[in-house]
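# Fold and geometry: a report
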Amino acid sequence: MCAKSYLLHYKLLNYIYLSSYHRQWLFIQTNMDNKDNQKLHIAMFPWLAYGHIMPFLEVSKFLAQKGHRVSFISTPKNIQRLPKSSQSPLITFVELPLPAIEGLPQCTESTSELPIHKVPYLKKAYDLLQPPLAHFLQHSDVNWVIHDFICHWLPRVATQLGINSVYFNIFSATTLAFLGPPSELRGGQRQRPEDFTVVPKWVDFTSNVAFKLHEMVSHWDCMDNEVSDFQRFADAIQYCNLVTTRSTPEFESDSVSLLRKLYGKPVVPLGLLPPSSVPCQHGGADDQVDEKWEVLREWLDNKKEKSVIYIALGTEVTLSQELIHELAYGIEKSGLPFIWVVNNRPLVEGMLGADIIPPGFETRVDNRGLVWRGWAPQLKILGHSSIGGFLTHCGWSSVIEALGFGRVLILFSGANSDQGLVARLLHGKRVGLEIPRDEQDGSFTSDSVAELTRRVMVDKEGESLRSNAWAMKDIFGNKELNNKCLDEFTRFLETWPAST
């Protein structure tokens, strides 16, 4: 059977099992090749967080490469921070000034500029962008708007204006599956943080993915009392035309299939969006990046292959001084070489991250460890042959970058957003191990950090973990596979009926 006939046969077999809504979706897929590609105008509207903005930008660049016009809409500071490589004649950056509200520090436009308990004020200000955004959409020829979950009101605004909408989930498909259908998100049985510490009943495959109590309590602190994140997810999912998620069936087939059942509408994996190039420092000059990298590269060049642990806890993780010290002592006890990137932002109230490294720590580890203060070119570090593993806060973007190079993971959930769920997912996939922590308060011991780090990095017991992580390059670092998902998503947009 030729490849074309096989593909048609495969689609017809699946047709039998799909719902009536999915049959319409399959009809569109089957007829994609018979339609001329329509050049579209697509609006992108991400949440005000760097980890959301960059995936939206990657998709924007791909759509522009396919000849579609893109209006990338955000606040002035966030647009000014974007790397120069994002410039394209088909991408227009639209700046919407963020309204000032009581409780939000002046000139703040991103979650990275706020402690977690101030994030609800940023959400309130973001919601106030509805009128200027609606005005822009109304007076443009936009065909599609691709949006985040925070702007839960946008799908209904788009429908009223005759514009189709896509909810772009920048998290894993497993995270969405854990959250459940809109009906559950709005008023289901989970009403307390404790309710989120067990695998939900609708998950129809073997899973260990659930929050720990300390993670859920932390997330509760960043939710808006007036409109919860669950309400935002529910509206974004229910009122959009289709859902796309930063995943691939090759890694999360069970979760992608479950989402289609839960939502009753098309769910299109967008791919993992591995970085197409090394981004510069949040809008910083390329020569500054090169200068930083030269120092780091020289240090790494003197270390053995796959011997170094890269340690980075993201830009928004908050830990107490006690826990930072315990982590540092564990790293020291492991006896392994490392690079630890410490961001110059408050990890505890009134104290910069660079100031809470234990006294004498850097002197004691001088021959094998490097503490790097401020921003660092993470992608270049992960790609260096001396890096063997990654002690990570489990941000989905960071994990994708690390597994793109086959780096084994030491999982230390930052307790923000989906990070705990990502830690359980990857622990279950056996591409790393999670540092044991107390379920109630998230505490841990330096001995457990040292023991687990050695097990993952050098012990014989960790050989299968290292082998599994190395094999993940074929999925997470596979640009061809990623582009195949993006191509399919683009064809959906091109062939979907116009909204009326």
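Everything discussed here concerns the structure shown above.
I will try to describe carefully the structure that is included in this document.

The rules behind each value
- Residues numbered from 1 in each chain as written.
- Predicted model: local features only at pLDDT ≥ 70, side-chain atom pairs only at ≥ 80, totals over all residues.
- Heavy atoms only, no water.
- Helix = DSSP H or I, 4+ residues; strand = E, 2+ residues; numbered from the N terminus.
- Buried < 20%, exposed > 50% of the residue type's maximum accessible area, 1.4 Å probe, protein only.
- Contact = heavy atoms within 4.5 Å.
- Areas by Shrake-Rupley, 256 points an atom, 1.4 Å probe, with all protein chains shown as cover.
- Pairing = 2+ DSSP bridges.
- Right-handed = clockwise from strand over helix to strand, strands pointing away.
- Axes fitted to C-alpha atoms, helices over the stretch in contact; angles between N-to-C directions.
- Patch = residues over 30% accessible without salt bridge, like charges linked within 9 Å, V, L, I, M, F, W, Y side chains within 5 Å.
- Salt bridge = Lys/Arg side-chain N within 4 Å of Asp/Glu carboxyl O.
- Lys, Arg positive; Asp, Glu negative; His and termini not counted.
- Charge placed at Lys NZ, Arg CZ, Asp CG, Glu CD.
- Core = buried A, V, L, I, M, F, W, Y, C linked by side-chain atoms within 4.5 Å.
- Arc of directions from axis to C-beta.
- Parallel < 35°, antiparallel > 145°, perpendicular 65-115°, else oblique.
- Left-handed = near helix turned anticlockwise from the far one by under 90°.
- Nonpolar A, V, L, I, M, F, W, Y, C, P; charged D, E, K, R; others polar.

### Some thoughts on the overall build of the protein chain
The helix and strand inventory of the protein chain stands at 22 helices and 15 strands. Looking at the protein chain as a whole, 57% of its 500 residues qualify as buried. Taking contacts inside the protein chain between residues at least 6 apart in sequence as the whole, the part at least 24 apart equals 70%. Carbon and sulfur atoms make up 50% of the accessible area of the protein chain, which amounts to about 21,300 Å² in all.

### A short note on the pairing of strand S1 (residues 41-45)
With respect to burial, S1 is a largely interior element, five of its five residues being buried. Going residue by residue along S1, you find His 41, Ala 43 and Phe 45 tucked away on one face and Ile 42 and Met 44 tucked away on the opposite face as well. As paired strands, S1 and strand S2 (residues 69-74) are joined by four bridges and run parallel to one another. When the bridges of S2 are listed, Met 44 appears paired with Phe 72. For the crossover from S1 across helix H3 (residues 50-65) to S2, the handedness is right-handed. The sheet contact formed by S1 and strand S4 (residues 144-147) spans four bridges and is parallel. Note that in S4 the partner of Ala 43 across the bridge is Val 145.

### Examining the sheet that holds strand S5 (residues 164-169)
Reading across from one edge, S3-S2-S1-S4-S5-S6-S7 is the order of the seven strands in this open sheet, with parallel pairing throughout. One side of each edge strand has no neighbouring strand; the edge strands of this open sheet are strand S3 (91-95) and strand S7 (267-269). Neighbouring strand axes in the sheet, compared pairwise and without regard to direction, differ in orientation by 25 degrees on average. Helix H12 (residues 249-263) rests against strand S6 (242-245) and S7 of the sheet, and its axis sits at about 165 degrees to S7.

### Things to note about a negative patch on the surface
Taken together, the side chains of Glu 322, Asp 438, Glu 439 and Asp 441 define an acidic patch exposed on the protein surface. Its place among the elements puts Asp 441 in the loop between strand S15 (432-434) and helix H19 (446-457).

### Notes on the nonpolar core
In this structure, Ile 146 and Trp 340 are the most contacted members of the largest nonpolar core, which totals 157 residues. Ranked by the residues each element gives to this core, the list is headed by H3, at eight residues. Setting aside residues no more than four positions away along its own chain, Ile 146 makes contact with Ile 42, Ala 43, Met 44, Phe 45, Phe 56, Leu 63, Val 166, Phe 168, Phe 489 and Leu 493.

### Re helix H6 (residues 130-138)
Of all the residues in H6, the buried ones are Leu 133, Ala 134 and Leu 137. Each buried residue of H6 sits inside an arc of 100 degrees when the element is viewed along its axis, so together they form one side. Where the residues of H6 are buried, they touch S1, S2 and helix H7 (154-160).

### Section: the pattern of salt bridges
A full pass over the atoms with the stated rule returns 25 salt bridges. In this structure, Asp 204 engages Lys 261 in a salt bridge whose closest nitrogen and oxygen atoms are separated by 3.1 Å. A residue pair is termed long-range when its members are at least 10 positions apart, and Asp 204 in the loop between helix H9 (182-187) and helix H10 (213-220) and Lys 261 in helix H12 qualify at 57 residues. Relative accessible area serves as the criterion here: at 46%, Asp 204 is assigned to the partly exposed category. It is possible to trace a salt-bridge network through shared partners that takes in Lys 212, Glu 215, Arg 424 and Glu 434.

### Details of the packing of helix H14 (residues 321-334) against H19
As a packed pair, H14 and H19 sit with axes 7 Å apart at the nearest point and diverge in direction by 45 degrees. Taken together, the axis directions place H14 and H19 in an arrangement best described as oblique. Helix-helix and strand crossings are classified by hand; for H14 and H19 the assignment is right-handed. Residues Glu 326, Leu 327, Tyr 329, Gly 330, Ile 331, Lys 333 and Ser 334 of H14 form the contact with H19, whose participating residues are Ser 446, Asp 447, Val 449, Ala 450, Thr 453 and Arg 454. Its residues placed into classes, the contact of H14 with H19 shows five nonpolar, four polar and four charged.

### Let's talk about the packing of H3 against helix H22 (residues 479-495)
Contact pair H3 / H22: the axes reach a minimum separation of 11 Å and the direction vectors enclose 70 degrees. Comparing their axes, H22 and H3 come out roughly perpendicular. Classified by chirality, the crossing of H22 by H3 is right-handed. On H22, the residues touching Val 59, Phe 62 and Leu 63 of H3 are Asn 483, Leu 486, Asp 487, Phe 489, Thr 490 and Leu 493. In terms of residue class, the contact of H3 with H22 is made up of six nonpolar, two polar and one charged.

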